[in-house]
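The residues making up each chain are set out below.
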Amino acid sequence: MSAATAPPAPSTTTAPRPGRAVLRAELLLFFREPGSVFWVMAFPTLLLVVLGLIPSMTESMDELGGLSTVEAYVPVAVLLSMIMAGLMAMPPVITGYRERGILRRMSTTPVRPTAVLGAQVGLHAVASLISAVATLAVGRFVSDVALPTQLAGYLVTLLLAVVCLLALGALISALSPNVKIAQAVSLSVFFPAMLAAGVYMPIQQMPDLMANIVEALPFGAAAQALNQATAGDWPDWIHLGVLALWTLVLSAAATRWFRWE
């Protein structure tokens, strides 16, 4: 009489969750694009290093409220990484996925298209925040720029700015039918965004009318709020309100008009 065959023991290994697999794949693809990595994570910090090597840039200026040019450019460099991520890096990727039918095909698999969008937004948000930390560290140890003394206000502004810029990138992705148009739209928004953030001229040096207009935009409001938090003050609620309002409007518009195919 033969002994009964015992059933196989259940496997203790589990397949990776689809969301984790997508995140891992998107992370690998992100780092395979050296251009995106450089412009989002390295360029803002390098810009600050170059400015810090110029002696005249480290001298305090009355028109900047006693700040040096390097000190005034720290929040600008922080915002620059977000602008690069939200406008130049993310929209062509998402639009390309839709144009090639990847999002449509994924809707028939356990991996939902929303997992790809979530991975893209999350990766670019983390890359922007890492760049912000690197920029603050370089400003402190290379150019002796003081770290933000109102840390809570700085973090609130930073998170609002990241979400707002990525919502703008999502809206561009939603409205662009193909990669070429996404790149063209991103480029047309990119230069005004840099102007509003103070890349070409710190907001403190702008004429009053121009400064008021810029502060009504998310980039200018974020730059002013970061400056205030760095100086030790809680960011003006008007600036935070401008950021929050833009975030809500851009997020709602992106959700309303986004197409999977």
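From a predicted model like this one, the values you see are computed outputs, not experimental measurements. (Residues numbered from 1 in each chain as written. Predicted model: local features only at pLDDT ≥ 70, side-chain atom pairs only at ≥ 80, totals over all residues. Heavy atoms only, no water.)

**Notes on the overall build of the protein chain**
Right, on to step 1. Looking only at helices and strands, the protein chain has ten helices and zero strands in total.
Right, on to step 2. The order of helices and strands in the protein chain, counted from the N terminus, is α-α-α-α-α-α-α-α-α-α.
Right, on to step 3. In terms of principal-axis extent, the alpha carbons of the protein chain reach across some 100 × 40 × 35 Å.
Right, on to step 4. Contacts spanning at least 24 positions in sequence make up 74% of the contacts within the protein chain whose residues lie at least 6 apart.
Right, on to step 5. Surface accessibility of the protein chain: about 13600 Å² in total, with carbon and sulfur atoms responsible for 69%. (Helix = DSSP H or I, 4+ residues; strand = E, 2+ residues; numbered from the N terminus. Contact = heavy atoms within 4.5 Å. Areas by Shrake-Rupley, 256 points an atom, 1.4 Å probe, with all protein chains shown as cover.)

**Topic: the pattern of salt bridges**
Right, on to step 1. For the structure on display, the rule yields one salt bridge.
Right, on to step 2. Here Arg140 makes a salt bridge to Asp144, at a shortest N to O gap of 2.6 Å.
Right, on to step 3. What makes Asp144 exposed here is its relative accessible area of 56%. (Salt bridge = Lys/Arg side-chain N within 4 Å of Asp/Glu carboxyl O. Buried < 20%, exposed > 50% of the residue type's maximum accessible area, 1.4 Å probe, protein only.)

**Let's talk about the packing of aromatic side chains**
Right, on to step 1. Applying the stated rule across the entire model yields six aromatic pairs.
Right, on to step 2. With a centroid separation of 5.3 Å and an interplanar angle of 85°, the aromatic rings of Phe30 and Phe31 are classed as edge-to-face.
Right, on to step 3. Classification of Phe30 by relative accessible area gives buried; the value is 9%.
Right, on to step 4. Taking relative accessible area as the criterion, Phe31 reaches 49% and is therefore assigned partly exposed.
Right, on to step 5. Ring plane angle 55° and centroid distance 4.8 Å describe the contact between Trp39 and Phe43, whose orientation is recorded as tilted. Residue Trp39 and its partner Phe43 are located together in helix α2 (residues 34–52), separated by four residues, close to a single helical turn.
Right, on to step 6. With a relative accessible area of 40%, Trp39 lands in the partly exposed category.
Right, on to step 7. Among the residues examined, Phe43 registers a relative accessible area of 23% and is labelled partly exposed.
Right, on to step 8. A network of ring pairs unites the aromatic residues Phe38, Trp39 and Phe43 as a single cluster. (Phe/Tyr/Trp six-rings, centres within 6.5 Å; stacked < 30°, edge-to-face > 60°.)

**Some thoughts on the nonpolar core**
Right, on to step 1. Among the nonpolar cores identified, the biggest contains 64 residues, and Leu79, Met82, Ile83 and Phe219 are the most heavily contacted of them.
Right, on to step 2. For Met82, the residues in contact, after removing those within four places along its chain, are Ser128, Leu158, Ala161, Val162 and Leu165. (Core = buried A, V, L, I, M, F, W, Y, C linked by side-chain atoms within 4.5 Å.)

**Some words on the side chain of His239**
Right, on to step 1. In this fold, His239 is placed in helix α10 (residues 237–257).
Right, on to step 2. Every residue in contact with His239, bar those within four places of it in the chain, is listed here: Glu215, Ala221, Gln224, Ala225 and Gln228.

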